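# Commentary on secondary and tertiary structure
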Amino acid sequence: MRPVLPINYDILFEPDFKTFKFSGKEKIQLEINKPTNELVLNAAEIEVKDCSLVSKGKTLKAKTNLDEKKEELTIKLPEKVSGKSELLIEY
């Protein structure tokens, strides 16, 4: 069984065709099967403005780090979480 399983993605994506940039918001429903305080997502060419995780009624502010070479976004939480959760990302 995978430690973190994405269940559903809700994505709002707004391109700006004049500047060839985009902004967006993403809500990912997760099933976290093993307690963790770190999530890693595939990501490229984004600047995260805000990131948080809602777990068991509690909202945790997350810190992010984008590794452009690996095209991975690492999300660090202030405490370990498990179970059904929602990851909220604004970029």
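Bear in mind the structure is a predicted one, so any value in this text is a computation, not a measurement.

## What to know about the overall build of the protein chain
From N to C terminus, the protein chain includes zero helices and six strands. Counting helices and strands in the order they occur from the N terminus, the protein chain gives β-β-β-β-β-β. Relative to the compact-globule value of 12 Å for 91 residues, the protein chain shows a C-alpha radius of gyration of 14 Å, a close match. By its C-alpha atoms, the protein chain is 45 × 25 × 25 Å across when sized along the principal axes. Out of the 91 residues in the protein chain, the part that is buried amounts to 27%.

## Overview of the side chain of Ser52
Along the polypeptide, Ser52 turns up in strand β3 (residues 50-55). Overall, Ser52 belongs to the buried group, its relative accessible area being 9%. Beyond its immediate stretch of four places on either side in the chain, Ser52 contacts Thr59, Leu60, Lys61, Ala62, Glu86, Leu87 and Leu88.

## Regarding the packing of aromatic side chains
Tallied over the full model, the rule gives two aromatic pairs. Aromatic pair Phe13 and Phe22: ring centres 4.9 Å apart, planes at 35 degrees, arrangement tilted. Classification of Phe13 by relative accessible area gives partly exposed; the value is 45%. Centroid distance Phe22 to Tyr91: 6.1 Å. Interplanar angle 75 degrees. Geometry classified as edge-to-face. In this pair, Phe22 is assigned in strand β2 (residues 21-42) and Tyr91 in the segment after β6 (72-90), connecting sequence segments 69 residues apart. In this structure Phe22 comes out as partly exposed when scored by relative accessible area, which is 35%. One aromatic cluster is present, built from ring pairs that chain together Phe13, Phe22 and Tyr91.

## Let's talk about the nonpolar core
Of all hydrophobic cores here, the largest spans 16 residues; its most connected members are Leu30, Leu53, Ile75 and Leu87. Listing elements by their share of this core, those giving two or more residues are β2, β3 and β6. In terms of residues, this core owes the most to one element, β6, which gives six residues.

## Comments concerning the pairing of β3
Within a regular beta strand, the side chains point alternately toward one face of the sheet and then the other, so they alternate between its two faces. Relative to β6, β3 runs antiparallel, the two sharing six bridges. If you follow Ser55 over to β6, its bridge partner there is Ser85. As paired elements, β3 and strand β4 (residues 58-61) share four bridges and run antiparallel to each other. Within β4, the residue paired with Leu53 across the bridge is Leu60. Between β3 and the antiparallel strand that follows it, β4, lie two residues; Lys56 among them carries a positive phi value of about 55 degrees.

How each quantity is defined
Here the residue numbering is sequential within each chain, running from 1 through the sequence in written order. Only residues with pLDDT of at least 70 get local features here, since the model is predicted, and only at 80 or more are side-chain atom pairs given and counted; chain-wide, interface and lining totals rely on the full set of residues. Only heavy atoms go into the side-chain values, all of them from the structure, while hydrogens and water stay out. Comment: elements are numbered from the N terminus, with helices defined as DSSP H or I runs of at least four residues and strands as E runs of at least two. C-alpha atoms define the radius of gyration, and 2.2 Å times the number of residues to the power 0.38 defines the globule rule. We call a residue buried when its accessible area falls under 20% of the maximum for its residue type, exposed when it is over 50%, and partly exposed in between, using a 1.4 Å probe and counting protein chains only. In what follows, residue pairs with any heavy atoms lying within 4.5 Å of each other are defined as contacts. Aromatic contacts are taken between Phe, Tyr and Trp rings whose centres are within 6.5 Å, Trp giving its six-membered ring; a plane angle under 30 degrees counts as stacked, one over 60 as edge-to-face, and the others as tilted. We call a set of buried residues a nonpolar core when its members are Ala, Val, Leu, Ile, Met, Phe, Trp, Tyr or Cys and they connect through side-chain atoms within 4.5 Å of each other. At least two DSSP bridges between two strands are needed for those strands to be called paired.

Spatial relationships are all this shows, so hold off on functional conclusions.
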